[in-house]
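Residue-level structural notes
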Amino acid sequence: MFRTLISGLLFSASTLMAPPALAENCLKVTLTGTQGGPPVFQGQAGAGTLVQYGSEENKCNDMRLQFDTGRGTTQRLSQAGVPVGKIDAIFLSHLHSDHTEGLADMMQLRWHFNSGGPKVDLVCSEETKSPLGFSLSCERFATHIGDALINSGEIAQRLAENKKRLPGGPAELINVKDFKPQDEAQEVWSKGDVTVSAIRSTHIPGHASYRVDTPAGSVVIGGDAGNDVRKPPRETSTSGQVEKLAQGADIVVHSTIHPVMGPDGGTGFPPPIYFRQSNATDLGHLAHRAGVKHLMLTHLIPPVGAPRQGPYKLPEGALTNEDYTGAVAESGFDGTTIVGQDLVSLTLPAKN
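Residues numbered from 1 in each chain as written. Predicted model: local features only at pLDDT ≥ 70, side-chain atom pairs only at ≥ 80, totals over all residues. Heavy atoms only, no water.

When helices and strands are tallied, the chain shows 11 helices and 18 strands. The C-alpha radius of gyration computed for the chain amounts to 23 Å, which stays within 12% of the reference 20 Å derived for 352 residues, consistent with globular compactness. Reported as C-alpha extents along the three principal axes, the dimensions of the chain are approximately 90 × 60 × 40 Å. When burial is assessed residue by residue, the chain has 51% of its 352 residues classed as buried. For the chain, the share of sequence-separated contacts (at least 6 apart) that also reach a separation of at least 24 residues comes to 66%. One finds the centroid of the 30 positive side-chain charges in the chain at a distance of 5 Å from the centroid of its 36 negative side-chain charges. (Helix = DSSP H or I, 4+ residues; strand = E, 2+ residues; numbered from the N terminus. Rg over C-alpha atoms; globule rule 2.2 N^0.38 Å. Buried < 20%, exposed > 50% of the residue type's maximum accessible area, 1.4 Å probe, protein only. Contact = heavy atoms within 4.5 Å. Lys, Arg positive; Asp, Glu negative; His and termini not counted. Charge placed at Lys NZ, Arg CZ, Asp CG, Glu CD.)

Following this line, the structure appears as structure tokens:
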């Protein structure tokens, strides 16, 4: 009995002294804007994806990465509970305005209340020459992000109210980390357990797609990538580089055009613009071939419920979620398809 009592006491002591179970890490992907292109439909925000990583105790919120910053990104981040001053890095897929116009708003707000820093990393393609001879420059975009407010006198007025703010305006809070996109993935940013890689992809000059790898899972953000061959005949509308980047990924977030917008759909949508986007069925094929578990459709052209895309009317009326999932299903993809709406999110590991 004595030995039994001692054993029981030792067992109780070891139980009491056992270290607490470590909180599991998680990855959360939130669509901060799903509007396809420059038009506006029912207040949708412009293109953007928030990727958060951390412990479950902290709701995956130890690190916050924003991919693209379309119109309304600040409002969507606020709704997601993420202040712009807490964003660790911003990544731009390309310099089309519907992917970038929210950055000035974000940085002005950061300048107002976080002028003491830290700076935010802006990761983007280096200056790229267009075939027509002009240059696309992320660095110049960042340098001049506050020019309108400087020239209007807004910055001077705000400085008069609070001399702790940076005299050069919001540009002083941006740390540009540009890179030359390559046909093979390259690491462009990392912090702790999180690594971000990029690959060249085709849309406009300087377009890049990204992959985030964490211990909790991986996500690819395709941007507006399309096939290097800009029109039929071709095997697919999707990017071979994005497919390479997506091999074995858990989630792919990708801009999506529905086949109804094609030349045979009766909308009058310009064929060159249609052909430079990835269509929903081909994205299903890509996800299937790459072994992806979850496909998040975003930057929807046309938006669900919209009777037109900008000036281009849909002859058969607005599309539904089922029109998009049905188009993906034609590919045989048997993973999860999420038809994007602002603030929809997916967390890994998935819980029942």
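Our focus in this paragraph is the sheet that holds strand β9 (residues 186-191). With mixed pairing, seven strands are arranged side by side in an open sheet as β9-β10-β11-β12-β13-β14-β17. Every interior strand has two partners, whereas the edge strands, β9 and β17 (336-339), have only one. Each adjacent strand pair in this sheet contributes to an overall mean axis angle of 20°, direction not counted. The sheet contact formed by strand β14 (residues 294-301) and β17 spans four bridges and is parallel. The residue of β17 that forms the bridge with His 294 is Thr 336. (Pairing = 2+ DSSP bridges. Axes fitted to C-alpha atoms, helices over the stretch in contact; angles between N-to-C directions.)

With the rule as written, the count across this model stands at 13 salt bridges. In this structure, Glu 184 and Lys 244 form a salt bridge, with 3.0 Å as the shortest nitrogen-oxygen distance. Remark: Lys 244 occurs in helix α8 (residues 240-245) and Glu 184 occurs in the loop between β8 (174-179) and β9; sequence separation between them is 60 residues. Of the residues examined, Lys 244 reaches a relative accessible area of 38% and is grouped as partly exposed. The shortest N-O distance in the salt bridge between Arg 211 and Asp 213 comes to 3.0 Å. On the basis of relative accessible area, Arg 211 is assigned to the buried category, the value being 13%. (Salt bridge = Lys/Arg side-chain N within 4 Å of Asp/Glu carboxyl O.)

A few words on the packing of aromatic side chains. The relation between two aromatic rings is expressed through the spacing of the ring centres and the mutual angle of the planes. Within the structure shown, the criterion is met by seven aromatic pairs. Their ring planes at 65° and their centres at 5.5 Å tell us that Tyr 274 and Phe 275 sit as a pair that is edge-to-face. According to the relative accessible area criterion, Phe 275 is buried, its value standing at 15%. Site record: aromatic cluster; members linked through ring pairs are Phe 67, Phe 91, Phe 179, Trp 189 and Tyr 210. One Lys or Arg, Arg 165, reaches over the ring of Trp 111 and ends 5.7 Å from the middle of that ring. (Phe/Tyr/Trp six-rings, centres within 6.5 Å; stacked < 30°, edge-to-face > 60°. Lys NZ or Arg CZ within 6 Å of the ring centre and 35° of its normal.)

Glancing now at the confidence of the model for the chain. Taken over all residues, the pLDDT of the chain has a mean of 93, while the share at 70 or more is 93%. Ignoring residues within four places in sequence, the model shows residues 1-16, a span with pLDDT below 50, making zero contacts including any to other chains. (pLDDT = per-residue confidence, 0-100.)

Turning to helix α11 (residues 321-329), a few remarks are in order. When α11 is considered as a whole, its buried residues turn out to be Tyr 324, Ala 327 and Val 328. The arc enclosing the buried residues of α11, seen along the axis, measures out at 100°, which places them on a common side. (Arc of directions from axis to C-beta.)

Turning our eyes to something else, we now look at the state of the cysteines. Applying the stated criterion across every chain, the model contains two disulfides. A sulfur-sulfur distance of 2.0 Å marks the disulfide that ties Cys 26 to Cys 60. Measuring the twist about the S-S bond at about -120°, one finds the Cys 26-Cys 60 disulfide to be left-handed. One end of the pair, Cys 26, is in strand β1 (residues 25-33); the other, Cys 60, is in the loop between β2 (48-55) and β3 (63-67), and 34 residues separate them in sequence. Just as Cys 26 is buried, Cys 60 falls in that class too. (Disulfide = S-S within 2.5 Å.)

The next thing to look at is the environment of Ser 97. Mapped onto the elements of the fold, Ser 97 is located in helix α3 (residues 97-100). With a relative accessible area of 42%, Ser 97 lands in the partly exposed category. A C-alpha to C-alpha distance of 17 Å links Ser 97 and Gln 309, two positions 212 residues apart in sequence.

This next bit is on the pairing of strand β10 (residues 194-200). The buried fraction of β10 amounts to five of the seven residues, a majority that puts the element mostly inside the structure. Bridge count for β9 against β10 is five bridges, and the pairing is antiparallel. Paired with Gln 186 across the strands is Ala 198, a residue of β10. Following β9, the chain reverses through two residues before pairing antiparallel with β10; Gly 192 in that reversal takes a positive phi of roughly 60°. With six bridges joining them, β10 and strand β11 (residues 208-214) adopt antiparallel strand pairing. In the strand pairing of β11, Thr 195 is matched with Asp 213.

Now for the packing of helix α4 (residues 103-113) against helix α7 (residues 154-161). Running from amino to carboxyl end, α4 crosses α7 at an angle of 20°, the nearest separation of the two axes being 11 Å. When the axes of α4 and α7 are compared, the pair comes out roughly parallel. For the element pair α4 and α7, the recorded crossing hand is right-handed. Of the residues in α7, those touching α4 at Gln 108, Trp 111 and His 112 are Glu 154, Ile 155, Arg 158 and Leu 159. Here the residues of the contact of α4 with α7 sort into three nonpolar, two polar and two charged. (Parallel < 35°, antiparallel > 145°, perpendicular 65-115°, else oblique. Left-handed = near helix turned anticlockwise from the far one by under 90°. Nonpolar A, V, L, I, M, F, W, Y, C, P; charged D, E, K, R; others polar.)

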